[in-house]
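Listed below, chain by chain, are the residues.
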Amino acid sequence: MSDVLTASDTPHVRAENFSVFYGAMEAVRKVTLDISRGNVTAIIGPSGCGKSTFLRAINRMNDLIPACRTAGRLLFDGWHIYDPQVDVVALRQRIGMVFQKPNPFPKSIFDNVAYGPRLRGCTRRNELAEIVERSLVRAALWDEVKDRLHENALRLSGGQQQRLCIARALAVDPEILLMDEPTSALDPRATTRIEDLIGELRGSYTIIIVTHNMQQAARVSDYTAFFYEGDLIEYGATTELFSRPRSKQTEDYITGRFG
């Protein structure tokens, strides 16, 4: 599926006949695709189609699920993510994740963002303060919380909490940001803020977003992958996939005939 890349692109993530199994069930089935660097890629499809399973495989979150195993290859910058020599902690620092529901720690706003840098050994207060400010600015939250940094993060609104979680992920300077339904628990106004933020982060990070909302995929992404029952049905530039889908299954899904 490398044909969706321009000549100057190199894949940031490449799947080669990649499968994920839960016991005997093949939840993701022999997927092959290239995800280009610095762009936003949306993964769409009905519930249970394998899109979140594929997303979580990219930073090995599925390792936490008993009886989960993989086959084929999933490459990050040319390295097989599931090679036994891969340091999973280091991998997750380079590939951050934002979940469906905001999950701030029951700590101050400052300590939430500083958590990752502290784990990496950063203890100097001035340096931590710079990282926290930079990350909150990138997450479009600084102006709203700069005078409240020592308040409990749980006092923030849902949309603010989700942007705080994005800031927390950005604080360790990842290359890739995975987002699993990041706005499904938010109201329309907060959703718009997150979508605007994704646009602002485009180019600085490779962003991969799972969404049930096809309008959202069309608004925020450069490329879209359509999954159905574990299979990758179609993958291409978002404008092409939504306006001229090659697959009848894709057309039926985006026009609401099923799903």
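Definitions and limits used
Residues numbered from 1 in each chain as written. Predicted model: local features only at pLDDT ≥ 70, side-chain atom pairs only at ≥ 80, totals over all residues. Heavy atoms only, no water. Helix = DSSP H or I, 4+ residues; strand = E, 2+ residues; numbered from the N terminus. Expected span 1.5 Å × (residues − 1). Buried < 20%, exposed > 50% of the residue type's maximum accessible area, 1.4 Å probe, protein only. Arc of directions from axis to C-beta. Contact = heavy atoms within 4.5 Å. Polar contact = N/O pair within 3.5 Å; in protein donor to acceptor, adjacent residues only side chain to side chain. Pairing = 2+ DSSP bridges. Right-handed = clockwise from strand over helix to strand, strands pointing away.

## Description of helix 7 (residues 188-201)
Every α-helical turn comprises 3.6 residues, leaving residues that sit three or four positions apart pointing alike.
For step 1, the next point in the chain: Taking 1.5 Å as the rise per residue, helix 7 with 14 residues should run 20 Å; its terminal C-alpha atoms sit 20 Å apart, in good agreement.
For step 2, the next point in the chain: Within helix 7, burial applies to Ala190, Thr191, Ile194, Glu195, Leu197, Ile198 and Leu201. End-on, the buried residues of helix 7 take up no more than an arc of 155°, which puts them together on one face. Turned more than 90 degrees off the buried face of helix 7, the exposed positions are Pro188, Arg189 and Glu200.
For step 3, the next point in the chain: In this fold, the buried residues of helix 7 make contact with strand 3 (40-44), helix 4 (125-138), helix 6 (158-170), strand 7 (176-180), strand 8 (206-210) and helix 8 (214-220).
For step 4, the next point in the chain: Residue Asp187 occupies the N-cap position of helix 7, its side-chain oxygen lying 3.1 Å from the main-chain nitrogen of Arg189.
For step 5, the next point in the chain: Directly after helix 7, the chain includes Gly203, whose backbone phi takes a positive value near 95°.

## Re the pairing of strand 8
For step 1, the next point in the chain: Along strand 8, five of the five residues are buried, which leaves the element largely enclosed by surrounding structure.
For step 2, the next point in the chain: Of the two faces of strand 8, the one carrying Thr206, Ile208 and Val210 and the one carrying Ile207 and Ile209 are both buried.
For step 3, the next point in the chain: As defined by bridge partners, strand 3 adjoins strand 8 across four bridges and the pair is classed as parallel. Across the sheet, Ile43 pairs through a bridge with Val210, a residue of strand 8.
For step 4, the next point in the chain: Pairing of strand 7 with strand 8, which is carried by five bridges, proceeds in the parallel orientation. Considered in strand 8, the bridge of Leu178 is made with Ile208.
For step 5, the next point in the chain: The parallel pair strand 7 and strand 8 is bridged by helix 7, and the resulting crossover is right-handed.

## Re unusual backbone geometry
For step 1, the next point in the chain: The backbone of Lys30 sits at a positive phi, close to 50°, despite the residue not being glycine.
For step 2, the next point in the chain: As for its placement among the helices and strands, Lys30 is situated in strand 2 (residues 25-36).

By themselves, these figures tell us nothing about what the structure is for.
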